[in-house]
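Secondary and tertiary structure notes
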Amino acid sequence: MTRQEVEASAIQAEAGGPVPGWGWTETALSLMVLVWGVNYSVVKHALAQFDPLAFNALRFCIASVFVWMVMRAQGDVGRPERRDVLRLIGLGILGNVIYQGCFVLGLARTPAGSASLILAVSPVMTAMLSALTGHERPGWRTWGGAAVAIGGIALITGSGIGLRSAREVTGDVILIFAAFAWAAYTVSARPMVRKYGAVRTTAWTMWTGAVGLVALGSPALVRQDWGKVDVLDWAALVFSALFAIGLAYLIWYRGVERIGNTRTAIFSNLSPVVAVACAAVLLHERPSEWALLGAILTLGGVMIVRSDPGHASPAARIMEAEAAD
């Protein structure tokens, strides 16, 4: 057995078996949850002055440079094999151009609470796609825990559900596409993560996405009223670029690499809890008793999913063995 096969087997054992305890992967994912939860309010603030497409183009340029610096610090940037180039480009378009484009366009049109609820369905979509593609076989705890967590999120953001304007409904529909795109990105990228590692896969797909977002955002950059952008707006842009994209994406795929698609995806269910708390501080919103109960349910649902032993399917093992060759 080659060194690559030994490492792939060890990672698969960790990703497909019971999680023995809280480790560095879970701690990093918790940090990611905190950043993403805060990011809702940060981006919502910035989009009051930035054009959404201009905002996306700028923050992905910054994030791409950050990830390049991380890779240089770790060693050679490297290149993917020729047969994987088109696949990595497709992943960059799916997970960055499509997802991030839909995220900012949807968030610009709909309340942050509703946005967090809609995007919270992505872990369930991830679990379903993982099962359909044969990557994982989620057990009843995964499905039950996901249902509990989604129910908790519904309580947290339930006050935002009601009569909606046409603009808000449009934003909701855009965010549904964003949730599906992120789930498909997470599942589709797993073989590349196994083969090249989380950092390189994240970098290559991010750079592809940055090119696409800059191309789409160029007209918006030209017509942007830069005089309206103040120091706080620029700070929001830098925070979102460095932490919500650059750092968080590296953490996300490290999670996929170590504990699997579904267990990683369920952590994003905690983001609305943080988003509600952040909105209470920054936007002066006050969560209701139902929202606090929802936070408890969401935390409980995540813990249930973490306890699911699960296992990778034979098809997943074959694919990963092929990727290591």
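The model shown is predicted, which means the values in this text are computed figures rather than measured ones.

Each helix and strand counted, the protein has 15 helices and zero strands in total. Taken across its 325 residues, the protein has 51% of its residues classed as buried. Relative to all contacts within the protein whose residues are 6 or more apart in sequence, the contacts with residues 24 or more apart total 91%. Split by element, the accessible area of the protein, about 14400 Å² in all, is 69% carbon and sulfur.

Caution is warranted with low-pLDDT regions, since their predicted coordinates should not be read in detail. Chain-level pLDDT for the protein is 78 on average; 77% of the residues reach the 70-or-more range. Highest mean pLDDT in the protein belongs to helix H4 (residues 82–107) (92); lowest belongs to helix H15 (residues 314–324) (41). This stretch, residues 159–163, has a pLDDT under 50; its non-local contacts, to residues over four places away or in other chains, come to two contacts. Note that pLDDT drops below 50 for residues 311–325; the model gives that stretch 24 contacts with residues more than four away or on any other chain.

Right, let's get into the packing of aromatic side chains. Overall, the coordinates contain 13 aromatic pairs when judged by the stated rule. Relative to Trp234, the ring of Trp226 lies with its centre 5.9 Å away and its plane at 5 degrees, an arrangement referred to as stacked. Judged by its relative accessible area of 35%, Trp226 falls in the partly exposed class. With relative accessibility at 36%, the residue Trp234 sits in the partly exposed group. Among the aromatic residues, those joined into a cluster by ring pairs are Trp36, Tyr40, Tyr99, Phe103, Trp182, Tyr185 and Trp252.

Turning our eyes to something else, we now look at the pattern of salt bridges. Taken as a whole, this structure holds four salt bridges when the rule is applied. Arg83 is the partner of Glu81 in a salt bridge, and the nearest nitrogen-oxygen pair spans 2.9 Å. Take Glu81: its relative accessible area is 35%, and that puts it in the partly exposed class. Its relative accessible area of 58% is what places Arg83 among the exposed residues. In this structure, Lys195 and Glu81 form a salt bridge, with 3.1 Å as the shortest nitrogen-oxygen distance. With a gap of 114 residues between them, Lys195 in helix H9 (residues 190–196) and Glu81 in the loop between helix H3 (52–74) and H4 connect regions that are remote in the sequence. A relative accessible area of 15% places Lys195 in the buried class.

Interhelical geometry of H4 versus helix H8 (residues 166–188) gives an angle of 155 degrees and a closest axis separation of 8 Å. The orientation of H4 relative to H8 falls into the category roughly antiparallel. Where H4 crosses over H8, the handedness of that crossing is left-handed. Counted together, Arg87, Leu91, Leu94, Gly95, Asn96, Ile98, Tyr99, Cys102, Phe103, Leu105, Gly106 and Leu107 of H4 and Gly171, Ile174, Leu175, Phe177, Ala178, Ala181, Trp182, Ala184, Tyr185 and Ser188 of H8 form the full contact between these two elements. Broken down by class, the residue content of the contact of H4 with H8 amounts to 16 nonpolar, five polar and one charged.

Rules of the game
- Residues numbered from 1 in each chain as written.
- Predicted model: local features only at pLDDT ≥ 70, side-chain atom pairs only at ≥ 80, totals over all residues.
- Heavy atoms only, no water.
- Helix = DSSP H or I, 4+ residues; strand = E, 2+ residues; numbered from the N terminus.
- Buried < 20%, exposed > 50% of the residue type's maximum accessible area, 1.4 Å probe, protein only.
- Contact = heavy atoms within 4.5 Å.
- Areas by Shrake-Rupley, 256 points an atom, 1.4 Å probe, with all protein chains shown as cover.
- pLDDT = per-residue confidence, 0-100.
- Phe/Tyr/Trp six-rings, centres within 6.5 Å; stacked < 30°, edge-to-face > 60°.
- Salt bridge = Lys/Arg side-chain N within 4 Å of Asp/Glu carboxyl O.
- Axes fitted to C-alpha atoms, helices over the stretch in contact; angles between N-to-C directions.
- Parallel < 35°, antiparallel > 145°, perpendicular 65-115°, else oblique.
- Left-handed = near helix turned anticlockwise from the far one by under 90°.
- Nonpolar A, V, L, I, M, F, W, Y, C, P; charged D, E, K, R; others polar.

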